[in-house]
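So the chains spell out like this:
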Amino acid sequence: MDISDVWAEFKATGSPELRNRLVLQYAPLVKYVAGRLRSGLPQNVDTNDLVSEGVFGLIDAIEKFDTSRGLEFQT
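The structure displayed is predicted, hence computed values, not measured ones. (Residues numbered from 1 in each chain as written. Predicted model: local features only at pLDDT ≥ 70, side-chain atom pairs only at ≥ 80, totals over all residues. Heavy atoms only, no water.)

### What about the packing of helix 1 (residues 3-13) against helix 3 (residues 47-64)?
Inclusion rule: Lines are fitted to the C-alpha atoms to define the axes, a helix being fitted only along its stretch in contact, and any angle between axes, read from their N-to-C directions, falls within 0 to 180 degrees. Helix and strand assignments follow DSSP, with helices taken as H or I runs no shorter than four residues and strands as E runs no shorter than two, numbered in order from the N terminus. If an angle is under 35 degrees, it is roughly parallel; if it is over 145, roughly antiparallel; if it lies from 65 to 115, roughly perpendicular; otherwise it is oblique. Two residues qualify as a contact provided that any one of their heavy atoms is within 4.5 Å of a heavy atom in the partner residue. Under this grouping Gly is polar, as are all residues other than the nonpolar Ala, Val, Leu, Ile, Met, Phe, Trp, Tyr, Cys and Pro and the charged Asp, Glu, Lys and Arg.
Two elements in contact, helix 1 and helix 3, have axes separated by 10 Å at closest approach and are oriented at 75°. Classified by the angle between their axes, helix 1 and helix 3 sit roughly perpendicular to one another. Of helix 3, the residues touching helix 1 (which contributes Trp7, Phe10 and Lys11) are Ile62, Glu63 and Lys64. Within the contact of helix 1 with helix 3, the residues separate by chemical class into three nonpolar, no polar and three charged.

See the structure below:
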């Protein structure tokens, strides 16, 4: 199943399984952004904490993303 098909079916059904599949698809992006943010933060901020919070943000973003606008999610 293509990622655009996963998005379409998730938006139509709200399936938690499909949401989890999208989270796994975009998890590397969260890790990348957390690493970039980490470089500008104090030493006591843990990268794993940033990634954990980023996953919560990713889930929220997936829930709110509007596929009808014709944009790619990662942008």
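### Observations concerning the nonpolar core
As a reminder, the rule being used: We call a set of buried residues a nonpolar core when its members are Ala, Val, Leu, Ile, Met, Phe, Trp, Tyr or Cys and they connect through side-chain atoms within 4.5 Å of each other. Three exposure classes are used, based on accessible area relative to the maximum for each residue type with a 1.4 Å probe and protein chains only: buried under 20%, partly exposed in between, and exposed over 50%.
Core analysis: the biggest nonpolar cluster contains twelve residues, these being Val6, Trp7, Phe10, Leu18, Leu22, Val23, Tyr26, Val30, Leu58, Ile62, Phe65 and Phe73. Among the elements of the structure, helix 1, helix 2 (16-38) and helix 3 are those that each provide at least two residues to this core. For this core, the element with the highest residue contribution is helix 2, accounting for five residues. Each residue touching leucine 58, except ones within four places of it in the same chain, is listed here: Val23, Tyr26, Ala27, Val30 and Phe73.

### Quick notes on the packing of aromatic side chains
Going by this rule: Ring pairs are drawn from Phe, Tyr and Trp, using the six-membered ring of Trp, whenever the two centres fall within 6.5 Å, and their geometry is named by plane angle: stacked under 30 degrees, edge-to-face over 60, tilted for the rest.
For the structure shown, the criterion picks out five aromatic pairs. Taking the centre distance of 5.0 Å and the plane angle of 55° together, the rings of tryptophan 7 and phenylalanine 65 count as tilted. Within this pair, whereas tryptophan 7 is found in helix 1, its partner phenylalanine 65 is found in the segment after helix 3, the two being separated by 58 residues in sequence. With respect to class, tryptophan 7 is no different from phenylalanine 65; both count as buried. Between tryptophan 7 and phenylalanine 73 the ring centres are 5.1 Å apart and the planes differ by 40°, which places this aromatic pair in the tilted class. Separated by 66 residues along the polypeptide, tryptophan 7 in helix 1 and phenylalanine 73 in the segment after helix 3 bring together distant segments of the chain.

### Details of the pattern of salt bridges
The cut-off we apply is this: A side-chain nitrogen of Lys or Arg and a carboxyl oxygen of Asp or Glu constitute a salt bridge if their distance falls within 4 Å.
Under the definition given, this model contains two salt bridges. Its salt-bridge partner being arginine 19, residue glutamate 63 comes within 3.5 Å of it at the nearest N-O pair. With a gap of 44 residues between them, glutamate 63 in helix 3 and arginine 19 in helix 2 connect regions that are remote in the sequence. Its salt-bridge partner being lysine 64, residue aspartate 60 comes within 3.2 Å of it at the nearest N-O pair.

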